[in-house]
Amino acid sequence: MVKEVERAGIPVVHICTVVPISLTVGANRIVPAIAIPHPLGDPKLDPKDEKALRRKLVEKALEALCTEVDGQTVFDK
Amino acid sequence: MRLELGYVLINDVQFGEVTKIEKGVLFVNKSELINLIKEDEHLKSVDVEIARPGESVRITPVKDVIEPRVKLEGEGGIFPGVLSKVQTVGSGKTNVLKGCAVVTTGKIVGFQEGIIDMTGPGADYTPFSKLNNVVLVCEPIDGLKQHDHERAIRFAGLKATQYLAEAAIDIEADTVEVYETLPLLQGINAYPDLPKVAYVLMLQSQGLMHDTYVYGVDAKQIVPTVLYPTELMDGAIISGNCVSACDKNTTYHHLNNPVIHDLFKQHGKEINFVGVIITNENVYLADKERSSDWAAKIAEFMGLDGVIVSQEGFGNPDTDLIMNCKKIEAKGIKTVIITDEYAGRDGASQSLADADKAADAVVTGGNANEVIVLPPMDKVIGTLDYSDIIAGGFDGSLSKDGTITVEIQAITGATNEMGFNKMSVTGF
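The rules we used
Residues numbered from 1 in each chain as written. Chains lettered and ligands numbered in written order. Predicted model: local features only at pLDDT ≥ 70, side-chain atom pairs only at ≥ 80, totals over all residues. Heavy atoms only, no water. Helix = DSSP H or I, 4+ residues; strand = E, 2+ residues; numbered from the N terminus. Contact = heavy atoms within 4.5 Å. UniProt positions renumbered as here; feature names shortened; annotations may be inferred. Buried area = accessible area lost by both parts, 1.4 Å probe. Salt bridge = Lys/Arg side-chain N within 4 Å of Asp/Glu carboxyl O. Nonpolar A, V, L, I, M, F, W, Y, C, P; charged D, E, K, R; others polar. Phe/Tyr/Trp six-rings, centres within 6.5 Å; stacked < 30°, edge-to-face > 60°. Buried < 20%, exposed > 50% of the residue type's maximum accessible area, 1.4 Å probe, protein only. Pairing = 2+ DSSP bridges. Axes fitted to C-alpha atoms, helices over the stretch in contact; angles between N-to-C directions. Polar contact = N/O pair within 3.5 Å; in protein donor to acceptor, adjacent residues only side chain to side chain.

- In the nomenclature of an unreviewed UniProt entry, chain B corresponds to Glycine/sarcosine/betaine reductase component B subunit from the organism Paratissierella segnis.

## Details of the environment of Ile404 of chain B
Residue and element names in this part refer to chain B.
- Looking at the element boundaries, Ile404 is found in strand β24 (residues 404-407).
- Ile404 sits 32 residues away from Ile372 along the chain, and the two C-alpha atoms are 8.3 Å apart.
- Discounting residues that sit within four places of it in the chain, Ile404 has contacts with Arg58, Ile115, Ile372, Val373, Leu374, Leu384, Ser387, Ser397 and Leu398.

## Brief notes about the UniProt feature "modified residue: Pyruvic acid (Cys)" (unreviewed entry) in chain B
- As recorded in UniProt, the feature "modified residue: Pyruvic acid (Cys)" (unreviewed entry) lies at Cys242 of chain B.
- Following the sequence through the fold, Cys242 of chain B ends up in the loop between β17 (237-241) and α5 (251-255).

## Some remarks on the interface of chain B and chain A
- Facing the 11 residues of chain B at the interface are 13 residues of chain A.
- With both chains or domains summed, chain B and chain A bury close to 950 Å², and 69% of this area falls on carbon and sulfur atoms.
- If you sort the residues of chain B by the area they bury against chain A, Val283, Tyr284 and Leu285 of chain B come out on top, with a joint share of 49%.
- Where chain B touches chain A, the interface holds 0 salt bridges.
- Counting residues per element, the ones that place at least two in the side of chain B that touches chain A are α7 (285-301) and α8 (317-330) of chain B.
- Of the residues that constitute the side of chain B that touches chain A, the class distribution is 7 nonpolar, 2 polar and 2 charged.

## Concerning the packing of aromatic side chains
Residue and element names in this part refer to chain B.
- With the rule as written, the count across this model stands at 5 aromatic pairs over all chains.
- For the pair Phe128 and Tyr252, a centre-to-centre distance of 5.3 Å together with 85 degrees between the ring planes defines the contact as edge-to-face. Highlighted residues: Phe128 in the loop between β10 (114-117) and β11 (132-140) and Tyr252 in helix α5, separated in sequence by 124 residues.
- A relative accessible area of 0% means that Phe128 is categorised as buried.

## Digging into the sheet that holds strand β2 (residues 12-15) of chain B
All names here are of chain B.
- Strand order in the open sheet formed by 3 strands is β2-β4-β3, with mixed pairing between adjacent strands. The strands lining the two open edges of the sheet, one partner per strand, are β2 and β3 (20-22). Put simply, the sheet's adjacent strands are angled 25 degrees from each other on average, direction ignored.
- The pairing of β2 with strand β4 (residues 25-28) spans 4 bridges and is classified as parallel. Within β4, the position partnered with Asp12 by the bridge is Val25.

## Thoughts on the pattern of salt bridges
All names here are of chain B.
- Going through the model one piece at a time under the given rule, you end up with 26 salt bridges over all chains.
- Between Glu67 and Lys98 there is a salt bridge whose closest N-O contact spans 2.9 Å. One end of the pair, Glu67, is in the loop between β6 (57-66) and β7 (69-73); the other, Lys98, is in strand β8 (residues 92-98), with 31 residues separating them in the sequence.
- A relative accessible area of 0% places Glu67 in the buried class.

## Focus: the side chain of Thr230 of chain B
All names here are of chain B.
- With respect to the secondary-structure elements, Thr230 resides in helix α4 (residues 229-233).
- For Thr230, a relative accessible area of 0% puts it in the buried group.
- Looking at Thr230, its side chain comes within polar contact range of the main-chain oxygen of Gly90, at 2.7 Å.
- Ignoring sequence-local partners within four residues, the contact set of Thr230 consists of Met1, Leu3, Gly90 and Tyr179.

Shown next as structure tokens:
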């Protein structure tokens, strides 16, 4: 999916827990997610903290989308 | 560490007045066994059935298969940290009831348990069709949570094998095999000219009832460590898995790990088999990185020349497999990996979710997506209610006459990634 959408000329950010697989399939902008059973949240946190975590992930992904990349890049800082 | 395994050959299982072994027949006092399992307050009803090789019997949904073993000499007891005290096992003498097993059934997750056919085309795909099986059919009390249900069934199986195995305490074994592994430095010095080889055993530990236990510890919480191979033969590792049936390692697989047995066969001849490194398959990337780093670090620390890596399950554990392979190869240690494939029903899709050039020696247990037609059996132990939704099944899998059309994924042990099956492929 990531590759097909990019082929159509639209940049894609892949939010993904298993970064090595994302690298193998060829995503260009990769944002590491939390865990495989819950990529975009963490049930161990209370709702307020979890919302903050989710917002941070989305913001990081949007930032990645607006960043020029030269080949595969993992946004893990 | 030296272990003598005494194989007490079991040719038949029958119900009888007293639980005992006589001339290769295991007699089971059914009510005594049922009462023992029913001591668990989480179980509403318990029944015991027998399924023999060649009988027209289908067992489903299968959770675990366990071989009865009993410790005669040496420290600790079978299933340490779970049924026995948490002492280090793997030395002394152990009797094995060879030719029979305890099979647990239950609709715990429903879609993640397997099928064992005792005859017909499906029987060829599972090693457990060749055993005399004592099958536990347990119903949980109303409202029992899945995790508690899984635990209750896990313990029911272990307790039943312990009960049956005690019948072999005073029985003289038909054959005896001796397995010995020396402490690392002595072991290396024993065969200085042979390549030093270890086995990297990956344990399913994704959570949500995809769990394995090491001396009673949930494998999610371990960091890679080293075991003597004989520790596994005494039940140091048990399965708590509700995952796809074809490539989960049942407790029977851990007790009879064919990689370990084959490495012992070549030990002192072609290779020097120095030990087992266990590692896990967790769902956080940091855990995957840490565990594969440590597996490689331990392999380097042991001074290995080669390793065999076996996987359990599929999907994201493919990444753990490839990370182990890549990082161990990067230390200058040769690797062979054992996996299976999800290459689509026509076999045309990519087999693994991850890949790397370092993985240039691969053994496969077969393509789990291959479709098979399982004709109806005269008797079903368990229930067919889940045939349409079992992993490998699809809407319409179950026909009215009891025929099941499924991917071999649904058959317990069909594409086992320790190689405890018949399928493989040769490629160049």
